[in-house]
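Spelled out, the chains give:
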Amino acid sequence: MDKKHAHDMHIISIVTRNSLRVLQRISGLFSRYSVNIDQMSIFSGQDELSHFSIIVYSDDHSIQKLTNQLHKIIEVCDVRVLNNQKF
Amino acid sequence: MKMTGAQAIIESLIQEGIEVVFGYPGGTILPTYDALFEKKDKIHHVLVRHEQGGVMAAEGYAKSSGKVGVCFATSGPGATNLVTGIADAMLDSVPLVCITGQVASSLIGTDAFQEADIVGITIPITKWNYQVTRAEDIPSVIAKAFHYATEGRPGPVLVDITKDAQMGMLDYNYKKHKPRISHAYDCPDIQFIQIADMLNEAKRPLILAGNGIGMSNAENDLLKLAEKATIPVACTLHGLHNFPSDHELFVGLLGMHGNYAPNIMTNQADVIIAIGMRFDDRVTGNLTKYAKQAKIIHIDIDHAEINKNVKSYIPLHTDAKYALTQLLRYVQPNRHEQWREKFKALHNEEYQKVILPELTMQKDIIRMSQVINMVSEKTEGKAIVVSDVGQNQMAAMRYYKFKQSKSHITSGGLGTMGFALPAAIGAKMANPDREVVCVAGDGGIQMNIQELAVIKQEKLPVKILLLNNNYLGMVRQWQEMFYEERYSFVDLVNPDFVALAAAYGIKSRKVSNPEELESAVTEMLASKEAYFLEVVVEKREKVFPMMPVGAAVDEIRLS
């Protein structure tokens, strides 16, 4: 089984203030924790907030450590792991 | 009030109560240095000799005072020279505000002279960073910078300000960033009652005290809790000065070169309460064999530290002082006599096998431990000891008997050689009335030796203690123990340090005869001006106890 399908799929939803570099801050943490981004969409609304939906395949512990660090980015307002199922 | 962006930077620093800035001027930060010239009666600028010295001096200032350290650098190489110090501050939770000049906003992205994307470079090693391109944004960004540097778990922030923003005009109005609501770290009483119950029922409790105790000024609260419930206290490297080393409940230092008793007893305790520490790998050794028998209560202000390395039975995301004062209400007096006896027995073993032989004077060699022990006795444990990295650092932490907090300044997390000399400059600037002793090896001292010029220029009576074994001693120790004595590139042909210090205008002396050591240390400490004492120490000394990589805490070796 390849690495992707050896792990659970997680959809990580992040709401940030819409500012320069915020994508760099977020993606830097994913690479630091060796969590490869499978799919990502970003939507900037009228409210000066950016909404990230990121699909990754990883183990729960890595996701927990990653989300703990995502919360520490000053521009990040909310982080949720939306679902967690075997794919 | 109308002023330039550069004037606004300086005014904002004054509003934040900043009295000392460490820095190095250059092209893109010239406007700010020009504005500083007008206010040099309010802000004392220390001209370092390398930006790395500047940021590390700011760290020493911050660590020894609890205030925010501020440093200036120009764009490009000036800014990139800050990187090691910023990473160091990130790992050791040091509140810093680094202000860098940047090329004019019209030139960004053109590979202009001295352009470097310092904001991009420092994203992973700052709590927050920001590039300002408009003068009117300067006051609010600096206010945010000070807030983020100190709020919660402290850390470094970097504000990169383009030259045109420094030169532009703005209508200055400074508002401090709104502090986080004061009850942000409040926890329900039931959690403290639950923890207190565990401590009350524990037969073999152990407190692990870290850097967070000092940062929340909770030293007395820790003392009260430990005394009320009579619980032994073990400290991390950065927690060491947060509990009096001569107290009967102090059981020593945790970790790789820590004391025998607290490391071994970590794997015998039934309840461990860890406060303001992060279970660094140098503390835990092999995680799969770390305190598996214990119920661990982990109190830390950084949510991301909870369950990061060690799974806690009760995690508590809060401030150390608040937690300790709450716990004190519910913890019952206790004795734990038998449990404490075990620590004493293990300490005696370490004392007989390691400490006593190391401290026994010999005819022809001087050991690092003897030098530190002598300095400790002669300063009565009241000096600020700024140690570098390696064997000298291990000797300083093992043999200096700290009696008060904010006294042990060292690079713990990043292990940055070259830290001690500039950090000692910062510590002396913040504490002119305290004795500041810089302890370094012959490797590390040469990484920032240029800062001797600052000690001379600022007339700082810093005492520099060079423990010279003409080796990169810690690396040599590892090569001896784990690489079959293949000493690969660790022997140093050194300069004449005494002549070098003298060339910088600093009083200096070299000692290699054990009989002269005491008079030399006395002379150094009695000096009213800076003093550089080189002590030639045993070349092949090894630091013990030692927990080899991969070993468990209770597999720590005495030889």
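The structure displayed is predicted, hence computed values, not measured ones.

Calculation notes
- Residues numbered from 1 in each chain as written.
- Chains lettered and ligands numbered in written order.
- Predicted model: local features only at pLDDT ≥ 70, side-chain atom pairs only at ≥ 80, totals over all residues.
- Heavy atoms only, no water.
- Helix = DSSP H or I, 4+ residues; strand = E, 2+ residues; numbered from the N terminus.
- Buried < 20%, exposed > 50% of the residue type's maximum accessible area, 1.4 Å probe, protein only.
- Contact = heavy atoms within 4.5 Å.
- Areas by Shrake-Rupley, 256 points an atom, 1.4 Å probe, with all protein chains shown as cover.
- Buried area = accessible area lost by both parts, 1.4 Å probe.
- Polar contact = N/O pair within 3.5 Å; in protein donor to acceptor, adjacent residues only side chain to side chain.
- Nonpolar A, V, L, I, M, F, W, Y, C, P; charged D, E, K, R; others polar.
- Pairing = 2+ DSSP bridges.
- Axes fitted to C-alpha atoms, helices over the stretch in contact; angles between N-to-C directions.
- Salt bridge = Lys/Arg side-chain N within 4 Å of Asp/Glu carboxyl O.
- Left-handed = near helix turned anticlockwise from the far one by under 90°.

**Concerning the overall build of chain A**
Broken down by element type, chain A carries 3 helices and 4 strands. Starting at the N terminus and ending at the C terminus, chain A contains elements arranged as α-β-α-β-β-α-β. Looking at the 87 residues of chain A, the share that counts as buried comes to 39%. Put simply, 73% of the contacts in chain A that link residues at least 6 apart link residues at least 24 apart. About 5100 Å² of surface is accessible on chain A, with carbon and sulfur atoms providing 50% of the total.

**Some words on the interface of chain B and chain A**
Counting residues at the interface gives 15 residues for chain B and 11 residues for chain A. A combined buried area of about 1100 Å² lies between chain B and chain A, and 49% of that area is made up of carbon and sulfur atoms. A per-residue breakdown of the area chain B buries against chain A is headed by Ile 123, Ala 304 and Lys 308 of chain B, which together make up 35% of the total. For the interface between chain B and chain A, the tally reads 5 residue pairs in polar contact (both at pLDDT 80 or more). Of all the elements in the fold, those that place two or more residues in the side of chain B that touches chain A are α6 (118–122) and β6 (128–132) of chain B. Taken together, the residues of the side of chain B that touches chain A sort by class into 6 nonpolar, 4 polar and 5 charged.

**Overview of the sheet that holds strand β19 (residues 507–511) of chain B**
All names here are of chain B. In space, the 6 strands of this open sheet follow the order β16-β15-β17-β18-β20-β19, with parallel pairing throughout. Whereas interior strands pair on both sides, the edge strands pair on one side only; in this sheet they are β16 (408–410) and β19. For this sheet, the mean angle separating the axes of adjacent strands, direction not counted, is 20 degrees. Direction of pairing for strand β15 (residues 384–387) relative to strand β17 (residues 436–441): parallel, over a ladder of 4 bridges. Among the inter-strand pairings, Ser 387 is bridged to a residue of β17, identified as Val 439. Where helix α16 (residues 368–378) meets the sheet, it contacts β17, β18 (463–468) and β20 (531–536), and its direction lies at approximately 160 degrees from that of β18. Lying over the sheet, helix α18 (residues 420–430) contacts β15, β16, β17 and β18, oriented at roughly 175 degrees with respect to β17.

**Quick word on the sheet that holds strand β3 (residues 44–47) of chain B**
Residues and elements named next belong to chain B. Taken in spatial order, the 6 strands make up an open sheet running β3-β2-β4-β5-β7-β6, and their pairing is parallel. With partners counted over all chains shown, the strands left at the sheet margins are β3 and β6, one partner each. Sheet twist, expressed as the average angle between the axes of neighbouring strands with direction ignored, equals 20 degrees. Each of β2 (20–23), β3 and β4 (69–73) is contacted by helix α2 (residues 30–38), which is oriented at about 125 degrees to β4, the strand it contacts most. This element, helix α3 (residues 51–65), spans β2, β4 and β5 (96–102) of the sheet and lies at about 170 degrees to β4.

**Focus: the environment of Met 474 of chain B**
Residues and elements named next belong to chain B. Structurally, Met 474 is set in helix α20 (residues 473–482). Classification of Met 474 as buried rests on a relative accessible area of 17%. Sequence spacing of Met 474 and Lys 542 is 68 residues, and the spatial spacing of their C-alpha atoms is 7.7 Å. With residues up to four places along the chain from it excluded, the contact list for Met 474 reads His 257, Gly 390, Gln 391, Met 394 and Val 543.

**Digging into helix α11 (residues 219–229) of chain B**
All names here are of chain B. Along α11, the residues classified as buried are Glu 219, Asp 221, Leu 222, Leu 223, Leu 225, Ala 226 and Ala 229. If you follow the buried residues of α11, they end up packed against β9 (205–209), α10 (211–215), β10 (233–235), β12 (271–275) and α14 (320–330). Two residues or fewer after α11 comes Thr 230, characterised by a positive phi angle close to 50 degrees.

**Brief notes about the side chain of Ser 407 of chain B**
Residues and elements named next belong to chain B. Structurally, Ser 407 is set in the loop between α17 (391–399) and β16. On the accessibility criterion, Ser 407 (0% relative accessible area) is buried. If sequence neighbours within four positions are ignored, Ser 407 has contacts with His 241, Ala 383, Ile 384, Val 385, Phe 402 and Arg 434.

**Considerations on the pairing of strand β3 (residues 49–58) of chain A**
All names here are of chain A. In terms of burial, β3 is a largely internal element, 7 of the 10 residues being buried. Sheet analysis places strand β1 (residues 8–17) next to β3, joined by 10 bridges and oriented antiparallel. Note that in β3 the partner of Ile 14 across the bridge is Phe 52. Hairpin connection from strand β2 (residues 37–44) to β3: 4 residues lie between these consecutive antiparallel strands, with Glu 48 at a positive phi of about 60 degrees.

**Regarding the pattern of salt bridges**
Across all of its chains, the model carries 29 salt bridges over all chains by this definition. Across the pair Arg 134 of chain B and Asp 137 of chain B runs a salt bridge whose closest N-O atoms are separated by 3.1 Å. We note a salt bridge from Arg 335 of chain B to Glu 337 of chain B, for which the minimum N-O separation is 3.3 Å. Connected through salt bridges with shared partners, the residues Lys 72 of chain A together with Arg 153, Asp 302, Glu 305 and Lys 308 of chain B form a single ionic network.

**Some thoughts on unusual backbone geometry**
Residues and elements named next belong to chain B. With an omega of 0 degrees, the peptide bond between Phe 544 and Pro 545 qualifies as cis. Of note, Pro 545 is situated in the segment after β20. At Gln 114, a residue that is not glycine, the phi angle is positive and equals roughly 55 degrees. Residue position: Gln 114 is located in the loop between β5 and α6. Given the relative accessible area of 25%, Gln 114 is considered partly exposed. In this structure, His 336 takes a positive phi of about 55 degrees despite not being glycine. Examined against the element boundaries, His 336 turns out to sit in the loop between α14 and α15 (337–359).

**Quick notes on the packing of helix α1 (residues 5–15) of chain B against helix α7 (residues 138–150) of chain B**
All names here are of chain B. The N-to-C vectors of α1 and α7 enclose an angle of 35 degrees; their axes lie 9 Å apart at closest approach. Crossing of α1 over α7 shows right-handed handedness. Between α1 and α7, the contacting residues are Gly 5, Ala 8, Ile 9, Ser 12 and Leu 13 on the first element and Ile 138, Pro 139, Ile 142 and Phe 146 on the second. Split into classes, the residues belonging to the contact of α1 with α7 amount to 7 nonpolar, 2 polar and no charged.

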